[in-house]
Structures are given as structure tokens and as C-alpha cells.
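Fold and contact review
Chain residues, written in single-letter form:
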Amino acid sequence: MWNRRPRGPVPHLVTLGLLLSPHPLAPATHAAQEHAHGASARAGEAHADDSAPPRQPAASPLIDVRVHAADREFEIVVGPVSLPAGGPHLRPPVQLAEVPVAGWMHGFSWQMKDREGNPLPERLLHHVNLIDPDNRELFSAVPRRVLAAGRETKSELLPGVLGYPLAPGTRVLVSAMFAPLPDASHDEAFLHIRLPYTPFEDPGLIGPVDIYPFYLDVMGPVGEKEFPLPPGTHGMSWEGSPAVDGRILGIGGHLHDYGDWIRLEDVTAGKVIWETGPEVDGEGRTIGVPTSRLWWRGGVRIRKDHVYRISVQYSNPLEHPAPDGAMGAIGGIIAADEEWPEFSREHPDYVQDLRNTLEKPNEAAHGHGHASRPDG
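Residues numbered from 1 in each chain as written. Predicted model: local features only at pLDDT ≥ 70, side-chain atom pairs only at ≥ 80, totals over all residues. Heavy atoms only, no water.

Next up on the list: the overall build of the protein chain. Each helix and strand in the protein chain was counted, giving two helices and 26 strands. Taking all 376 residues of the protein chain together, 55% fall into the buried category. Accessible surface for the protein chain amounts to roughly 15800 Å². Of this, 50% is attributable to carbon and sulfur atoms. (Helix = DSSP H or I, 4+ residues; strand = E, 2+ residues; numbered from the N terminus. Buried < 20%, exposed > 50% of the residue type's maximum accessible area, 1.4 Å probe, protein only. Areas by Shrake-Rupley, 256 points an atom, 1.4 Å probe, with all protein chains shown as cover.)

Here the focus is the sheet that holds strand β18 (residues 259-266). Pairing within the open sheet is antiparallel, and its four strands lie in the order β16-β24-β18-β19. With one partner strand each, in any of the chains shown, β16 (232-240) and β19 (271-276) form the two edges of the open sheet. Between one strand and the next, the sheet's axes are offset by a mean angle of 15°, whatever the strand orientation. Sheet topology note: the β18/strand β24 (residues 308-316) ladder contains seven bridges and is antiparallel. The partner of R263 across the bridge, within β24, is S311. (Pairing = 2+ DSSP bridges. Axes fitted to C-alpha atoms, helices over the stretch in contact; angles between N-to-C directions.)

Attention shifts here to the packing of aromatic side chains. Throughout the structure, instances matching the rule amount to eight aromatic pairs. Arranged with centres 4.7 Å apart and planes meeting at 90°, the rings of W104 and F200 form a pair that is edge-to-face. Pair noted here: W104 is in strand β6 (residues 103-105) and F200 is in the loop between β13 (186-199) and β14 (209-210), with a separation of 96 residues, a long-range link. For the pair formed by W104 and F200, the shared burial category is buried. Taking 6.3 Å as the distance between ring centres and 55° as the angle between the ring planes, the aromatic pair formed by F139 and F214 counts as tilted. Of this pair, F139 sits in the loop between β8 (125-136) and β9 (143-150) while F214 sits in strand β15 (residues 212-217), and the two are 75 residues apart along the sequence. For the pair F139 and F214, a shared accessibility class is recorded, and that class is buried. Three or more aromatic residues joined by ring pairs make a cluster, and in this case those are F139, F214 and Y308. Between the NZ or CZ atom of R144 and the centre of the ring of W340, over which it lies, the distance is 4.6 Å. (Phe/Tyr/Trp six-rings, centres within 6.5 Å; stacked < 30°, edge-to-face > 60°. Lys NZ or Arg CZ within 6 Å of the ring centre and 35° of its normal.)

Counting residues in hydrophobic clusters, the biggest one holds 72 residues, and the most contacted among them are I76 and F178. Contact partners of I76, with chain neighbours within four places excluded, come to I63, D64, V65, L130, V172, V174, L191, H192, I193 and L195. Counting eight residues, the second largest nonpolar core, distinct from the first, contains V94, I131, F343 and Y350. (Core = buried A, V, L, I, M, F, W, Y, C linked by side-chain atoms within 4.5 Å. Contact = heavy atoms within 4.5 Å.)

A separate point is the environment of R301. Relative to the helices and strands, R301 is located in strand β23 (residues 300-302). Between the C-alpha atoms of R301 and A335, which are 34 residues apart in sequence, the distance is 9.6 Å. With residues up to four places along the chain from it excluded, the contact list for R301 reads G246, R247, Y308 and D337.

Here the focus is the pairing of β9. Counting buried positions along β9 gives eight out of eight residues, so the element sits mostly inside the fold. Note: β8 against β9, seven bridges, orientation antiparallel. Looking at the pairing, V128 lines up with A149 of β9. Connecting β8 to the next strand, β9, in antiparallel fashion are six residues.

See below:
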């Protein structure tokens, strides 16, 4: 097994990264025309047996994985995509990439570029998710969310003493959404995701401590993540137990406007693990959620025989439902005390979540946004 047991207490961190900034699958808008018909046909075949996991994407010209061994980085490139001025949001079909290195990943950074490598406006990226279809999440049997990034998450980096272990041949699903600018067209835009790593064969004097990302949502692990927010005070919650014992080393969250707080509780022990409110601008609009570094006290212990609850509260002062609705999600990193259990790809939650991930971008295949062919 490539998963390694933690090597004692977590040392002092220079920065805390690889926290998920949760970006649940947004409603589908306009998918890529060149690939949509084939993807929809494959989806139809998968639905012939709703209990079976859907067929995963094959190799695609829209994905390129490059290794920069001298810099100890590898790179996932998505594109080219065509983003006409004033056009709709674009969600290309989900891409499958195979990680070409074996080692500990220490975070990520991203940049939008043109074909010649010149920087493009960061606003062209709405969000991107990397999902591991071959491993499970901490609190549910759905595919593991490895990282999420968007305009508010330019980079998240861990020091060399912490890393997410990548076994040889690790696969990730790349789900991205792009946002064309209102006043400028970009016929060939590329998303470059750079991922620093330490090779297993050259860990240095002290090999990194294995850490794993996790996420929780008040709407549960499968299905819609946004709920309506009528006038007044309203809340939502979900409960579950982790698959392994471990220590939460860092935690953050996601809220919409009018959120009061988001909270993680150990229901079994009757105590609050983490709670925070939103960061707001001068007009009271949510611009972020603070993250908490829990490493300084060795992390917060969680146990698989305990039940945990994620909950959120909103207070809508309007006389009508909030236009953006409400969400409540938590992302963090955990150092596990044991190896992750095996899980079934036939589990209903796994099947449905993977189907949602792969098929949502194809629901509006008749749209105008499109991905470019490699030859332009």
C-alpha cells in the first residue's frame, strides 16, 4: 500500500494549504458541442442499469499532463476552450487525467494562459475540481474530493512536511467551469494547474506526514447542494461518521450571503469542534469564510465510532427569497491514524455522485459554449 501511517506529531507549519474551498457541482449551463453527443450516449448506456457506476471518460484532447521533474512539479492543462465575449458560462465535459508521478503532493496553483503561454485574466476561471474516483471521502462513500479552486482561491500550498500521497497511476476527474468576459473574446484559453510534489523515492531527511482532504455538506454527500432561503432565519444540517480515526489539522468553509454561522460538532461527545461566521464587505455581502489552523494543538481528534454534525444558519432580511439561495459546506485536511477502508463502487451514493459529476455538464449540450479542438 502507498498510504503511509503518520510519523508522529505534526511540526510547526509555515502555511496551511490544500484546504478545499468547496465548489459543489453548479447547475449545468452550456456544455461543449464537440463532445456532448458522445458523452450523452455513454450516459444513456450507463442508465440501462442505475445500480452500476457510469462509464468514466476516456482519453481526451482537452487534457494534457506534463511533468517538470527538475522543479518537482507536475501540471494538468485543460483546453483549449473558446470563450466569446458576453457568452454563457462553459462547462466542458469532465476530463480524466492520470497522475504521472508517485509522491506527496503539497498543494496547487493555477493560471489561465493562451496558446503561446501568455497570461489571461483570472476571471475566466469560475472553478475547477479534482476528484479521485478510486478512493472514498472521509464521511461518505462518494469519490474523494482532492482539491477545488476558483477566483477566490489562487493557490494553496503546504510545507514539505505535509503531503497528500499519490500512488503510481492515480486518476483524477477534472471538472471545470469557465466564465467568459463581457467585453473580450478568447478563442483559445487554457487552464494550467501546477502541483508541487516530493517523490516517494527521494523523501529527504524526514518524509512528509500523509494528509487527506475531506469535505462535508449540510445537504448530505449526494445531490443538490443549494437550498432555498425564504425571508427569516433558517438552518440546515447533516450527520455522519468518519471512515477512520484521525486528527483534523485545518478547516474552512463556504457560505452565501446572509449566512450567520457554519459549525462542526461532535454529537456523541456533545461539543463543538469548529464554528465561524462569514467575512463580509462594506455592504454586508459574504466574501469568504475564515480558515482555522488546528495544528498548533496537534489537531482535533475525530473517531469513527462518533457521530458528527455539520450545520448552518442564515438570516434573510429581504421580503423575498434570497436570489442566490443558501449553501453550507466545510473542507479540511486530516491526518489519519489508520489506512482507509475498502469501499464498493456499487454503493448507491458512489454511483449517484459519480453519475452527477460526469453527466451534469452534458445536460445542456445544445448550448452555445464550446471547447476548441487542439488544432484550433
